[in-house]
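Observations on chain architecture
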Amino acid sequence: MRASEALTFEPAACWRRLQQAKHEFFFEDLDQLMKDRHRQFLEDLMGYERQCFLNVQPYERAACRVDQANGFYQRQLTTRLGVLALAVPRTRSGCFHTQVLARYQRREPIINEALKRVFLLGVSTRQTGYALATLVEDAVSAATVSAVSKVLDTSVWSFHRRRLAEPYRYLILDGVSVRLRLVGCVQRRMVLCAYGVTREGKRELIDFQLAKAEGEDTWYGFLWTLWSRGLRGEFLELIVTDGQAGLIKALGRLWPAVVHQRCWAHKLRNLENKLKASQRSCLEEAKLIYQTAHRTEAIRRFRHWKARWQCSAPKAVACVEQDLGELLAFFECPEVHWKRLRTTNVIERLFVEVRRRIRTMCAFTTRSSCERILFSVFDRMNQHWSRHPLPASTHNS
């Protein structure tokens, strides 16, 4: 080795020294050596375990012997180092079971966790197995990936039944459409979702429920479930929706005294459908109504907008005027929260994540698989929100 390399820590020089050391001391592939050592360690550990079970040393004849050794059987174990072919010891009676490996275990727990995480990030069950093969030399089947992901069923069950003791201040409600393969054909189902913000600023997707459609009965059933689990609404100040008629009726039955805010984003889409292509400026001017410092100014801007467009776009004006009170309800909340409360965009952002995750799938094959995917997306976002709470303002503007 040159003197200049001996004193330098440049990556190229370090790599040359590592390669030289491998050839001088190991005489073989380092990865293969690690696999062999790992396999030998597991086999020695299982051999010692059988010896303790038999209660005698090898070839020892004693009255305290409880069984006879009966050779080995082969089992493959997928580890982070690759696939190991293990010789698992057994006894003549078959009563001995090693504790080093769980019964029927074929993969290390970390491999199952990697399978689950790759699948939940959006890779199909078939492609997940191929992705694993490039790392650990074992291409698991799509059925295996599905079986591994089923460990989420317990988490989904607990999520749907946990007690809701948080004092929610704001509630945002909306639904997203998914496809399920039922009775031989693909059918649309709605996922009803409830997003809440507590008095301390904590944000979370409270719960979700699959339903045939968005109607008064389905929404009431979903909201009543939340109510029975603890969301009584004592601290609710505002409920934001997209204006769906069935949902509004359900809210009137359960929380009639809570102020209702209509989503401005949905209202502007409705407004756009009532305008001609040449009336684009009407839509842009309507946006200025809610972009003010206080409610009084918003009403003044609406009146100015109405006077300007009443004759040329009467349907558009009526569309806003009939719901003006509910469109401006967010002004009663702290100003720091206005931007998040005047639309349902925060929950629509969740739906973008859902659509991105299910884009690779034609349709869910079962209701359980659908709920597992939805729960994984919502739980990931809840963990993100827990680290980024909203400002916990306690006074109104």
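Anything mentioned here points back to the structure above.
These remarks concern the structure in this document. (Residues numbered from 1 in each chain as written. Predicted model: local features only at pLDDT ≥ 70, side-chain atom pairs only at ≥ 80, totals over all residues. Heavy atoms only, no water.)

1. So, the environment of Arg262
Going by this rule: Secondary structure elements follow DSSP: runs of H or I of four or more residues count as helices, runs of E of two or more count as strands, with numbering from the N terminus. Burial classes: relative accessible area under 20% of the type maximum marks a residue as buried, over 50% as exposed, and values in between as partly exposed (1.4 Å probe, protein chains only). For this analysis, residues touch if any pair of their heavy atoms sits within 4.5 Å. We call two N or O atoms a polar contact when they sit within 3.5 Å, provided that within protein one can donate a hydrogen and the other can accept it, with sequence-adjacent residues counted only if both atoms are side-chain atoms.
Inspection of the secondary structure puts Arg262 in strand β7 (residues 259–262). The exposure class assigned to Arg262 is buried, which follows from its relative accessible area of 16%. With residues up to four places along the chain from it excluded, the contact list for Arg262 reads Thr241, Gly243, Ile248, Asp323, Glu326, Leu327 and Arg342. One polar contact links Arg262 to Asp323, side chain to side chain, over a distance of 3.4 Å. A polar contact of 2.8 Å, which involves the side chain of Arg262, links it to the side chain of Glu326.

2. Examining unusual backbone geometry
Despite not being glycine, Asn55 has its phi angle at roughly 70 degrees, a positive value. Residue position: Asn55 is located in the loop between α3 (30–54) and β1 (69–79). The backbone of Tyr104 shows a phi angle near 65 degrees, a positive value even though the residue is not glycine. Inspection of the secondary structure puts Tyr104 in the loop between β2 (82–91) and α4 (109–120). A relative accessible area of 64% means that Tyr104 is categorised as exposed.

3. What to know about the pattern of salt bridges
In plain terms, the rule: For this analysis, a salt bridge means a side-chain nitrogen from Lys or Arg found within 4 Å of a carboxyl oxygen belonging to Asp or Glu.
Inspection of the entire model under this criterion finds 22 salt bridges. Across the pair Asp153 and Arg372 runs a salt bridge whose closest N-O atoms are separated by 2.9 Å. Here Asp153, found in helix α7 (residues 152–161), pairs with Arg372, found in helix α17 (residues 367–386); they are 219 residues apart in sequence, far enough to count as distant. Judged by relative accessible area, Asp153 falls into the partly exposed class, the value being 31%. When its relative accessible area of 8% is taken as the criterion, Arg372 is described as buried. Of the charged contacts in the structure, one is a salt bridge between Arg280 and Glu272, with a shortest N-O distance of 2.9 Å. Among the charged side chains, a network of salt bridges with common partners joins Arg262, Lys267, Asp323 and Glu326.

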